[in-house]
Amino acid sequence: MLRTLSLGGLLLLALLTACPGGGDEPFDGGTLGAGGECTVQDDCFGCGVCRLPYDEVCLEGQCWLSGPPDRHGDPMVGSYLVIATFPDELDRNRILSGAIRILDKRKANGETLTCAELMADPIATDADPLINRVRTLEPRLQIPATADQSAMGVTAGLGEDRLIFVRIHEETNGVGTLLSLGCVEGVDIVLGAECTDNAGCERPRICELAGADTGYCGPISVEVPLSMP
């Protein structure tokens, strides 16, 4: 079942447009990227970590824009909160960072990425060249001992049917001992209603203008239940 989320403005997160494997439609309906031909996402811009969020993705030999284009030809973006819900047995005092991965479900070879695959080998999948990444983030966290959740703001290209994978670590920058992890599939991120001020949005959303006269209501939250590794 897809989770359809209405999301706010050209400001902070979301995901890519889905692309059916096997060639029904390319990413975001056919906006070619500048990277040309590819076998993995890295071929589209020549580095694995130097362009965040990832502007292009690789699908079956061709680079595509990672989301529907804005008026400048760049992927449209929006904002939301990833809310990680902690298991009772997790020692909050050990937490120093998170690792958030926003991923397209289509790999570069057309295969489908699943949460089961990510959860089975949560660290090694970071280096899998076939995975199409939309956004990666390693926020530093300070969690009260009694906290049930942590809300982390993220930005990425708009789209649908994405995976959100969250890890919690004992060291900064998303490394060190893996303390907890969780994943959700089928997440749609779309723009919220247009607005000119906060009065035009249903609370608790706000009008994200991003320097323009008109913006979109957001952000939306996505809950990711965590479990022990």
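See the structure shown above.
Residues numbered from 1 in each chain as written. Predicted model: local features only at pLDDT ≥ 70, side-chain atom pairs only at ≥ 80, totals over all residues. Heavy atoms only, no water.

Asks: Which residues make up the overall build of the protein, and what are the values?
Replies: A tally of helices and strands in the protein yields one helix and 14 strands. Within the protein, buried positions represent 50% of all 229 residues. Across the protein, the fraction of contacts at a sequence separation of at least 24, relative to all contacts at a separation of at least 6, is 72%. (Helix = DSSP H or I, 4+ residues; strand = E, 2+ residues; numbered from the N terminus. Buried < 20%, exposed > 50% of the residue type's maximum accessible area, 1.4 Å probe, protein only. Contact = heavy atoms within 4.5 Å.)

Asks: Explain the environment of P69 to me, using residue names and the numbers behind them.
Replies: Along the chain, P69 falls in the loop between β4 (62-65) and β5 (77-85). P69 sits in the partly exposed class, given a relative accessible area of 36%. In sequence terms P69 and G157 are 88 residues apart; their C-alpha atoms lie 9.2 Å from each other.

Asks: Any chance you could break down the sheet that holds strand β12 (residues 206-208) for me, citing the residues and the numbers?
Replies: The strand order across the open sheet formed by three strands is β11-β13-β12, and the pairing between neighbours is antiparallel. The open sheet has two free edges, formed respectively by β11 (194-195) and β12, since each of these has just one partner strand. When β12 meets strand β13 (residues 215-218), the two strands line up antiparallel, connected through three bridges. The partner of C207 across the bridge, within β13, is C217. (Pairing = 2+ DSSP bridges.)

Asks: Tell me about the state of the cysteines, and please be specific about residues and values.
Replies: Evaluated as defined, the whole model comprises five disulfides. Here C195 connects covalently by a disulfide to C207, the sulfurs 2.1 Å from one another. A torsion of 100° about the S-S bond marks the disulfide between C195 and C207 as right-handed. A residue pair is termed long-range when its members are at least 10 positions apart, and C195 in strand β11 and C207 in strand β12 qualify at twelve residues. With respect to class, C195 is no different from C207; both count as buried. The residue that forms a disulfide with C201 is C217, at a sulfur-sulfur distance of 2.0 Å. Residues C201 and C217 are joined through a disulfide that is left-handed, its torsion about the S-S bond being -85°. With C201 in the loop between β11 and β12 and C217 in strand β13, this residue pair connects regions lying 16 residues apart in the sequence. Note on accessibility: C201 and C217 belong to one class, buried. (Disulfide = S-S within 2.5 Å.)

Asks: Provide a residue-level description of the pairing of strand β7 (residues 133-137), including the pertinent values.
Replies: Among the five residues that make up β7, four are buried, leaving the element largely enclosed by the rest of the structure. Where strand β6 (residues 97-104) meets β7, four bridges bridge the pair, whose relative direction is antiparallel. Residue pairing in the sheet places L103 in a bridge with R133 of β7.

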